[in-house]
Amino acid sequence: DAMVIQNPRYQVTQFGKPVTLSCSQTLNHNVMYWYQQKSSQAPKLLFHYYDKDFNNEADTPDNFQSRRPNTSFCFLDIRSPGLGDAAMYLCATSARGEGRETQYFGPGTRLLVL
Amino acid sequence: ILNVEQSPQSLHVQEGDSTNFTCSFPSSNFYALHWYRWETAKSPEALFVMTLNGDEKKKGRISATLNTKEGYSYLYIKGSQPEDSATYLCAFRITGNQFYFGTGTSLTVIP
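Residues numbered from 1 in each chain as written. Chains lettered and ligands numbered in written order. Predicted model: local features only at pLDDT ≥ 70, side-chain atom pairs only at ≥ 80, totals over all residues. Heavy atoms only, no water.

Draft legend 1. How the structure looks around the overall build of chain A. Counting secondary structure elements, chain A contains 0 helices and 11 strands. Scanning chain A from its N terminus toward the C terminus, one meets helices and strands in the order β-β-β-β-β-β-β-β-β-β-β. Here the C-alpha radius of gyration of chain A, 13 Å, is about what a compact globule of 114 residues would show, namely 13 Å. With the C-alpha coordinates of chain A rotated into their principal frame, the extents come out at 40 × 30 × 30 Å. Counting the 114 residues in chain A, one finds 50% classified as buried. A separation threshold of at least 6 residues defines the contact pool for chain A, and within that pool the share at least 24 residues apart is 56%. (Helix = DSSP H or I, 4+ residues; strand = E, 2+ residues; numbered from the N terminus. Rg over C-alpha atoms; globule rule 2.2 N^0.38 Å. Buried < 20%, exposed > 50% of the residue type's maximum accessible area, 1.4 Å probe, protein only. Contact = heavy atoms within 4.5 Å.)

Draft legend 2. Quick peek at the overall build of chain B. Counting its secondary structure elements, chain B contains 0 helices and 11 strands. Tracing chain B from N to C terminus, the helices and strands come up as β-β-β-β-β-β-β-β-β-β-β. In summary, chain B has a C-alpha radius of gyration of 13 Å against a globular reference of 13 Å for 111 residues, a match within 12%. The principal-axis extent of the C-alpha atoms belonging to chain B is close to 40 × 30 × 20 Å. Looking at chain B residue by residue over its 111 residues, the buried ones come to 49%. For chain B, long-range pairs separated by at least 24 residues make up 53% of all intrachain contacts whose partners lie at least 6 apart in sequence.

Draft legend 3. Layout of the interface of chain A and chain B. Taken together, the contact between chain A and chain B spans 26 residues of the former and 22 residues of the latter. Where chain A abuts chain B, roughly 1800 Å² becomes buried across the two surfaces, and 54% of that area is made up of carbon and sulfur atoms. Where chain A meets chain B, there are 0 salt bridges. Summed over the shared surface of chain A and chain B, the result is 4 residue pairs in polar contact (both at pLDDT 80 or more). Among the elements of the structure, strand 4 (31-37), strand 5 (44-50) and strand 9 (87-94) of chain A are those that each provide at least two residues to the side of chain A that touches chain B. (Buried area = accessible area lost by both parts, 1.4 Å probe. Salt bridge = Lys/Arg side-chain N within 4 Å of Asp/Glu carboxyl O. Polar contact = N/O pair within 3.5 Å; in protein donor to acceptor, adjacent residues only side chain to side chain.)

Draft legend 4. Expanded view of a nonpolar patch on the surface. Taken together, V12(A), L112(A) and L114(A) make up a surface patch of nonpolar side chains, about 290 Å² in accessible area. In this fold, L114(A) is placed in the segment after strand 11 (109-113). (Patch = residues over 30% accessible without salt bridge, like charges linked within 9 Å, V, L, I, M, F, W, Y side chains within 5 Å. Areas by Shrake-Rupley, 256 points an atom, 1.4 Å probe, with all protein chains shown as cover.)

Draft legend 5. Up close: the layout of surface pockets. In this structure, the largest pocket occupies an estimated 680 Å³ of space. For the lining of the largest pocket, the secondary-structure elements that each account for two or more residues are strand 9 and strand 11 of chain A together with strand 9 (86-94) and strand 11 (105-110) of chain B. For the lining of the largest pocket, the class distribution of residues is 11 nonpolar, 14 polar and 5 charged. (1 Å grid on protein atoms, 1.4 Å probe; cavity = no way out; pocket = protein on both sides within 12 Å on 5 of 7 lines; lining within 4 Å. Points joined across faces, edges and corners; volume = space filled by probe spheres on them. Nonpolar A, V, L, I, M, F, W, Y, C, P; charged D, E, K, R; others polar.)

Limitation: the analysis is restricted to geometry and does not speak to function.
See the structure below:
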C-alpha cells in the first residue's frame, strides 16, 4: 500500500546531541511537510518542501533543519536538542500543494530529550 | 500566528449517541478547511477537505458543514460507535502551503 513511513516511532536523545528523524513516502507526492506537536498543543508546521524548494516557517528555530535528497525521502535534523524540543514530529505529504488536496500523514516520531 | 480553536476539548458519549463538535477559524484569507481523525498510535487520517462556503460533506455516519463568512465548521457523528473514538483535528489553510491546526477534540465512545 502506498503510504508515509516515519522511523523510528520513538527516539531518545541527549540534551545537545544532534538527532535526525526520517520520513519516506511511496505516493510520489511533490510536497512534504514536517510538523511539531507538543503535549496538548496543536500540530505546528515547521517547514515544507515543494519538490526541492524549501519553505521555512518564519518562527521555526534555526536549530531545526531539513533535507530532501530525493522525492521519496525527507529528513528533520535537530542540531542541538533542548528539553523543549521533546514532542511528536509528524511528516505529511500532498500531491501538488493545491487547495482541495488532502495531506497524508505518517504515524509520527515521538522524541524524548534527556 | 492564526488562531484555530476546537471545542469541546474532549467528550465522552454513549454508544449510539450522536455528537458534534466545532472548529473556529479566522474568516479572512480562507483557502480550505481540513478535518482529520487521529486514532492512538496511528497516522492522522483525512476525513474532509472543504473549500466553499456552505459546503456539506458526508462520509458514512460522519458529516461536516462549513461557514467561511463567520469562520466555523461543524463535524457531526451520527450513532457513535466505539471505533469512532479518536482525536478529531481541524486545519485551516491559507494560500500557499500554510496550515494552522486546532488542538483537537478527543472523543471517547463508551460501549
